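# Examination of the molecular architecture
One-letter residues, chain by chain:
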Amino acid sequence: MIGKKILRERYVTISEALEIMNERAQIGELSYEQGCALDYLQKFTKLDKEAAKKLVEELKSLGVDEKTAVKIADILPEDIDDLKAIYYKRDLPENAEEILNTVKKYL
């Protein structure tokens, strides 16, 4: 990475990352690591890009920070125990059931 610098940084869902990697694959050959990442993304993407973005926005409107909202959109927790795994270092928010109900619309 000599001579490269970070221009900007933001959280992206797995579905957004998949789209980015697919675009890069069309441009040219991927390195081994990029190919492995693309394979992983193809296996574990659960939502399309637009649905994932919409879910993240809904979660943010419920008071969930962006990083956690993206993680919830990637994992799509089905019950309170799955949500506890995402909030493992913090207390669950009071509106945990509302968060799960929002996620259930996308399952």
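Residues numbered from 1 in each chain as written. Predicted model: local features only at pLDDT ≥ 70, side-chain atom pairs only at ≥ 80, totals over all residues. Heavy atoms only, no water.

As annotated in an unreviewed UniProt entry, the chain carries the name DNA-directed RNA polymerase subunit Rpo4 and comes from Methanocaldococcus lauensis. Its UniProt record, at the heading Function (unreviewed entry), says of the chain: "DNA-dependent RNA polymerase (RNAP) catalyzes the transcription of DNA into RNA using the four ribonucleoside triphosphates as substrates. This subunit is less well bound than the others." Quoted verbatim from the Subcellular location (unreviewed entry) field of the UniProt record, the comment on the chain reads "Cytoplasm". (UniProt positions renumbered as here; feature names shortened; annotations may be inferred.)

### With respect to the overall build of the chain
Scanning the chain from N- to C-terminus turns up 6 helices and 0 strands. Sequence-ordered secondary structure for the chain, helices as α and strands as β, is α-α-α-α-α-α. A principal-axis box enclosing the C-alpha atoms of the chain has dimensions of 45 × 30 × 20 Å. Split into buried and exposed, the 107 residues of the chain put 32% on the buried side. Sequence separation of 24 or more characterises 52% of the internal contacts of the chain that already satisfy a separation of 6 or more. Accessible surface computed for the chain: about 7,800 Å², of which carbon and sulfur atoms make up 50%. Taking the average location of the 18 positive side-chain charges in the chain and that of its 22 negative ones, the two points are 5 Å from each other. (Helix = DSSP H or I, 4+ residues; strand = E, 2+ residues; numbered from the N terminus. Buried < 20%, exposed > 50% of the residue type's maximum accessible area, 1.4 Å probe, protein only. Contact = heavy atoms within 4.5 Å. Areas by Shrake-Rupley, 256 points an atom, 1.4 Å probe, with all protein chains shown as cover. Lys, Arg positive; Asp, Glu negative; His and termini not counted. Charge placed at Lys NZ, Arg CZ, Asp CG, Glu CD.)

### Some words on the packing of helix α3 (residues 49-61) against helix α6 (residues 96-104)
Direction vectors running N to C along α3 and α6 enclose 165 degrees, while the axes themselves pass 10 Å from each other. By the criterion of interaxial angle, the relationship of α3 to α6 is roughly antiparallel. Handedness of the α3/α6 crossing: right-handed. Residue-level inspection shows L55, E58 and L59 of α3 in contact with α6, the latter providing I99, T102 and V103. Taken together, the residues of the contact of α3 with α6 sort by class into 4 nonpolar, 1 polar and 1 charged. (Axes fitted to C-alpha atoms, helices over the stretch in contact; angles between N-to-C directions. Parallel < 35°, antiparallel > 145°, perpendicular 65-115°, else oblique. Left-handed = near helix turned anticlockwise from the far one by under 90°. Nonpolar A, V, L, I, M, F, W, Y, C, P; charged D, E, K, R; others polar.)

### Let's talk about the nonpolar core
In this structure, L55, L59, I72 and L83 are the most contacted members of the largest nonpolar core, which totals 20 residues. Put simply, the parts of the chain that give this core at least two residues each are α3, α4 (66-75), α5 (80-86) and α6. Broken down by element, this core gets its largest block of residues, 5 residues, from α3. Here L55 is in contact with L47, A73, L76, T102, V103 and Y106, once residues within four sequence places are set aside. Membership of the second largest hydrophobic core comes to 6 residues, among which are A17, L18, L38 and L41. (Core = buried A, V, L, I, M, F, W, Y, C linked by side-chain atoms within 4.5 Å.)

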